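Architecture and fold: a report
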Amino acid sequence: DVFAEAACLITNCSASLIGMMEEETQTVLSCVGLELDFVPRQSTICQHTLMGNEVLVIEDTLLDDRSRFNDLMMQANVRFYAGVPLIDEDGIALGTICVFDFVPKKMNEKQIISLEKIAKNLSKILISKKKSTYAEYFAETFHLTNNIICVLDEDFHIKETNPSFDTLFAYK
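Residues numbered from 1 in each chain as written. Predicted model: local features only at pLDDT ≥ 70, side-chain atom pairs only at ≥ 80, totals over all residues. Heavy atoms only, no water.

Points about the side chain of Asp88
Mapped onto the elements, Asp88 comes out in the loop between β5 (80-87) and β6 (93-101). For Asp88, a relative accessible area of 7% gives the class buried. Here Asp90 takes part through its backbone nitrogen, which lies 2.9 Å from a polar atom of the side chain of Asp88. (Helix = DSSP H or I, 4+ residues; strand = E, 2+ residues; numbered from the N terminus. Buried < 20%, exposed > 50% of the residue type's maximum accessible area, 1.4 Å probe, protein only. Polar contact = N/O pair within 3.5 Å; in protein donor to acceptor, adjacent residues only side chain to side chain.)

Have a look at this one:
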């Protein structure tokens, strides 16, 4: 919640969330000031942030077509929204960090830049976790598969082999 809390402090907003967008839902990873776990994708303002791939600020949600007909925003009495996409190294938006408030407001340039910096650092952490998960999956697969695998260095010398390779070729 440290990133969501920092976003609230920087923007002087009452609520913030970090969410990962999926096909049908937005999964809330962290939330401050609201109680949310999952939100149907069509009910999120964050989907508009992702489509624009840049900071989205809605100073008054009742005056903006993207939000004034949104039941979730109206039920929660949200009147201000600002969101920044969380983008991976391939330029794909994974989710958002966004702030909300219950009164219309404006953000200054310094606040917007700070929110973008939080998003950039949060993206780096998410990318690192994703790479770590892939590495763990590969390591597990490497040792459990019945397929033979050997890793070669740039001079084509065997660097590492898996158990199936070792058994078949009596390598180790």
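Looking at the pairing of strand β2 (residues 25-32)
For strand β1 (residues 15-21) and β2, the ladder comprises six bridges, and the chain directions are antiparallel. By the bridge assignment for β2, Met20 is matched with Thr27. What sits between β1 and β2 in their antiparallel hairpin is a turn of three residues. Hairpin geometry of β2 and strand β3 (residues 38-40) is characterised by an intervening segment of five residues between the two adjacent antiparallel strands and by a positive phi of about 90° at Gly33. (Pairing = 2+ DSSP bridges.)

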